Amino acid sequence: MSTPRVETVTPTTVDDLRAAVLDRPGTIRLAGAGTAADWAGTPAPADTVLDLTGLSGIVTHNPGDMTVEVHAGTPFAQLQEELGEHHQRVAVDPARVAEGATLGGLFATADSGPRALQYGSLRDLVIGATIVLADGTVARSGGHVIKNVAGYDLTKVLHGAHGTLGVVARLVLRLHPTPQATVTVAVPCERSGSADLARRVADSPVEATAIQWHGSDQGDRLLVLVEGSESGADARARRLVDAVGGELLAPDDAGAAWEAHAASVRARPADRAVFRFGVIPSSLTGVLDGLEADTGGLTEVTTSPRTGVATVAVPADADVVAAAHRRVADAGGTSSLRQRPAGAELPAFGPAPPSAALLRAVATSLDPDQRLGRGRLAPWIPAPTGVSA
Amino acid sequence: MPERTMEAPHGGTGSDAPSAATPPAAVGPELARDFRDVLPADLVITDEVGRRSYECDGLTGFRQVPALVVLPRDAEEVAACVRICARHGVPFVARGAGTGLSGGAMPVADGVVISVQKLRRILEIDVENRRAVLEPGVYNLEISKAAQPHGLYYAPDPSSQQVCTIGGNVAENSGGAHCLKYGFTTNHVLEMEVVLADGSVVTLGGPTGEQAGPDLRGLFIGSEGTLGICTRVTVRLLQTPETVRTVLADFPSIEAAGDTVGDIVDAAIIPAAVEMMDSLSMEASEAATGAGLTVDAPAALIIELDGPADEVEAEFEHLTAICERHGATRLHVPTEAEERQKVWKGRKAAFAAVGRISPDYIVQDGVVPRTRLAEVLTRIAEMGRDAGLRVANVFHAGDGNLHPLVLYSESAGEHDAAEKLSTDIAELCVELGGSLSGEHGIGTDKACSMPVMFSSDDLGVMHRVRLAFDPDSRCNPGKLFPTPRLCGERPGKYQPHPLEEAGVIERL
């Protein structure tokens, strides 16, 4: 085996990207801003790193259509800022946006934030894509209109693909109007009581955009985000306080509360690994209690009691992480490993689901030599044997 | 490969179809015997009359009698049927209620129709977690009916919701009048059990939106039965909105109505629904329903807001002010639920009602970017004039989804011109940056137009994915992808379902 000499290529157009994929033999690792470089499976050493941050900027934005086409390497925060000038937004809010994450990176890692309760993740907002396959094929799917059922929704298969299967070059997104007002209600609450409280919030007519539990310096509490018109959002938030208690946070306090929440999600605590999972909401408390016992104590805990998704930090120990994956799988959920100490050999995913065989077949059809992102979805897509990386 | 058979309105199958009296040679008696080993004999349909009742879906111009029809009763039986098809190497077409409008459930001559109409159990309404677990043959509206006592409902509401199945909704990624705000089937399905072409059973998706690995669930939804059959679907349920407000607004021109929609969007209001009708469609609908539409108004909007009372009241005031600013000639605000339903009936019965003003017509489905609505309508009017045909327009104005109705007379020999105009309109939508279909699907009907919207590379990659799921292309072959054999003939006229004519169901 020769000594690997990794070269980084930074294309600035889709044509460049295609040329880079075609011109470079061997394996390719995709890179964006690097905010999730250690998520999912540990990449095998690659011959080339394809830096997608050069493929940046809005391609077309027609505000009246509430859609935008964007190069995948665009920093998400920058995109939101430009859209904000038109009082529009992409209605997702993953924690690592603040660290400079790119649109393509958020998409490839299937990341989402508190607003997933109402808006889902990027998979729910992407209406079209241009992708480049390992053999240089450039393919589009979807289009520029929100309502469109022509052809396969191919874009979806790259959501959560972690840089395998194909390179996302451009995405077309549906936009939402920026709400006039955003109000946060904080209700003090132990984690053990968060499920019941969150259900009472959900059963009220306020239609919260996000409901998150967070244990922080400010105490353990449920944060409820209410978005809408100037008068409406405020009135709804007050009705909520009447119904379930707590208080409306002043704008600065609300900003600080959500910032602290995001900081927990993207934290890199020493000797710990960040474990993200989703289970049916009614199982969330039980699974968290089990993980608490298994791991000797969870830290950086944020939970979304109404969606069943939580992010926690556990000891960076292979057995502990494997046990955590098993516990979530036993509850019928899904889990993946996020931030972890450099060099830690930890299992990224839980037991392979029955659909893993199908996933391998799809991977074989799109990237038969596993040139892209090799190792990212191991062990579900194992690295090919007998091929040097 | 499917045979396409063009039928005269009341005629028999065309000459290129295999004899319907006996199953084609490729499907021998062993196949039926194998099915009878896993199903009671009366659930394996081999007689001609029985098979003929499955010859088409809601697009009645495409007909093909299948070799066999099977009616499994649960997921295990579906998987067993698929395995038998795999063993014999025969294609199969999954079928829900057969209400699709693109020939997506049209049978294959030497293949099997696997109907899920007996898988009709609602397995669970989980109030705490706000989800429902369903067998694929459950009617869309039954989900909301079952959830309603708990203050919950299922959001996607395709216009045929009384008679279309959730399994069909998954295949087509169905939307509905309210999808502008609430999204499509793909946004509401969490998890599915799917039988693949080889008979293996896999679960796609999971109990939450949280994904570990690529989103195969999203790929499967909207694949029009070409990747497998779903046998169990878990959907999200939403809380019934506190308030619903509806306005029917007449406008002096289509442009004024279109500008109103633009200003509503600019005002950061996302209505639950925004529907537009032109005078021709209102004339037809009013004659059929007496819903209170103003037949001499050039255009009307039906706009609905829903949500928390505090928001809706303020937004509704803003909304009516926008309508007035654009010269609305009448604002009708129904106050009672019954009155609101009457307005909706006027909208929903429009397709079938067009039969009152034209002997024959074709329903088209295309999408343009919302800001190009006025442009596309002008072009459609010009194209109609050139073709010497009238076109009525009914559409979901909020998302640019058009349903032009091409009126013609079969007896006057206008059929071919009408079909050409209809296809040209769908392809015009693509030219204007839109899509061939917003909700009816590609199926058999539009497979030949796919190269207008997608390059051969685009389609090639889709096909590679198809082969990963179904290496022998036995799941619903001949649909969605253009094939030389398929592309040479044109679809027939639209024939409304009897329930549709009565205004009970509608195709928006």
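Calculation rules
- Residues numbered from 1 in each chain as written.
- Chains lettered and ligands numbered in written order.
- Predicted model: local features only at pLDDT ≥ 70, side-chain atom pairs only at ≥ 80, totals over all residues.
- Heavy atoms only, no water.
- UniProt positions renumbered as here; feature names shortened; annotations may be inferred.
- Core = buried A, V, L, I, M, F, W, Y, C linked by side-chain atoms within 4.5 Å.
- Buried < 20%, exposed > 50% of the residue type's maximum accessible area, 1.4 Å probe, protein only.
- Helix = DSSP H or I, 4+ residues; strand = E, 2+ residues; numbered from the N terminus.
- Contact = heavy atoms within 4.5 Å.
- Arc of directions from axis to C-beta.
- Axes fitted to C-alpha atoms, helices over the stretch in contact; angles between N-to-C directions.
- Parallel < 35°, antiparallel > 145°, perpendicular 65-115°, else oblique.
- Left-handed = near helix turned anticlockwise from the far one by under 90°.
- 1 Å grid on protein atoms, 1.4 Å probe; cavity = no way out; pocket = protein on both sides within 12 Å on 5 of 7 lines; lining within 4 Å.
- Points joined across faces, edges and corners; volume = space filled by probe spheres on them.
- Nonpolar A, V, L, I, M, F, W, Y, C, P; charged D, E, K, R; others polar.
- Phe/Tyr/Trp six-rings, centres within 6.5 Å; stacked < 30°, edge-to-face > 60°.
- Lys NZ or Arg CZ within 6 Å of the ring centre and 35° of its normal.

By the naming in an unreviewed UniProt entry, chain B is FAD-linked oxidase C-terminal domain-containing protein, taken from Actinomycetospora lemnae. In its Cofactor (unreviewed entry) section, the UniProt entry covering chain B states "FAD".

As annotated in an unreviewed UniProt entry, chain A carries the name FAD-binding protein and comes from Actinomycetospora lemnae.

(A) Spatial organisation of the nonpolar core. By size, the foremost hydrophobic cluster in this structure holds 88 residues, and its most contacted members are V90(A) and V235(B). With six residues, helix 16 (residues 456-469) of chain B is the largest single contributor of residues to this core. Those residues in contact with V90(A) that sit more than four places away from it in its chain are F76(A), L79(A), Q80(A), L83(A), L122(A), L125(A), L173(A) and L175(A). Counting 42 residues, the second-largest nonpolar core is a separate cluster that includes L319(B), L373(B), L377(B) and F395(B).

(B) Representation of helix 4 (residues 140-147) of chain B. All names here are of chain B. Every buried residue of helix 4 is accounted for by N140, I143, S144 and A147. Along the axis of helix 4, the buried positions cluster into a sector of 90°, meaning they face one direction only. At its buried positions, helix 4 is contacted by strand 7 (122-126), strand 8 (131-134), strand 9 (152-153), helix 5 (166-172) and strand 12 (229-236).

(C) Focus on the packing of helix 13 (residues 373-387) of chain B against helix 14 (residues 415-431) of chain B. Residue and element names in this part refer to chain B. Following both chains from N to C, one finds helix 13 and helix 14 inclined at 155°, their axes separated by 11 Å at the closest point. Between helix 13 and helix 14, the angle is such that the two are roughly antiparallel. Where helix 13 crosses over helix 14, the two elements pack in a sense that is right-handed. Residues V376, R379, I380, M383, G384 and A387 of helix 13 form the contact with helix 14, whose own contacting residues are L421, D424, I425, L428 and E431.

(D) The arrangement of empty space enclosed by the protein in detail. Residues and elements named next belong to chain B. By the definition in use, this model includes ten cavities of 30 Å³ or more. Here the largest cavity is characterised by a volume of approximately 620 Å³. Looking at the largest cavity, it is lined by 41 residues, and the ones nearest its centre are G100, G168, N169, E172 and S174. Of all the secondary-structure elements, those providing two or more residues to the lining of the largest cavity are strand 5 (92-95), helix 5 and strand 12. The element contributing the most residues to the lining of the largest cavity is helix 5, with six residues. For the lining of the largest cavity, a count of residues per class yields 14 nonpolar, 21 polar and six charged.

(E) Region of interest: the packing of aromatic side chains. Taken as a whole and judged by the stated rule, the model has four aromatic pairs over all chains. Relative to F481(B), the ring of Y152(A) lies with its centre 5.5 Å away and its plane at 90°, an arrangement referred to as edge-to-face. Taken together, the residues span two chains, with Y152(A) in the loop between strand 8 (138-142) and helix 6 (155-158) and F481(B) in the loop between helix 16 and helix 17 (498-501). This pair shows no difference in class: Y152(A) is buried, exactly as F481(B) is. Here Y153(B) and Y182(B) contribute two aromatic rings whose centre-to-centre distance is 6.4 Å and whose plane-to-plane angle is 85°, an arrangement assigned as edge-to-face. Here Y153(B), found in strand 9, pairs with Y182(B), found in helix 6 (residues 179-182); they are 29 residues apart in sequence, far enough to count as distant. Among the residues examined, Y153(B) registers a relative accessible area of 16% and is labelled buried. Across the ring face of Y139(B), the terminal group of R120(B) is positioned such that the distance to the ring centre comes to 4.5 Å. A cation sits over an aromatic face here: R245(B) above F316(B), 4.3 Å from the ring centre.

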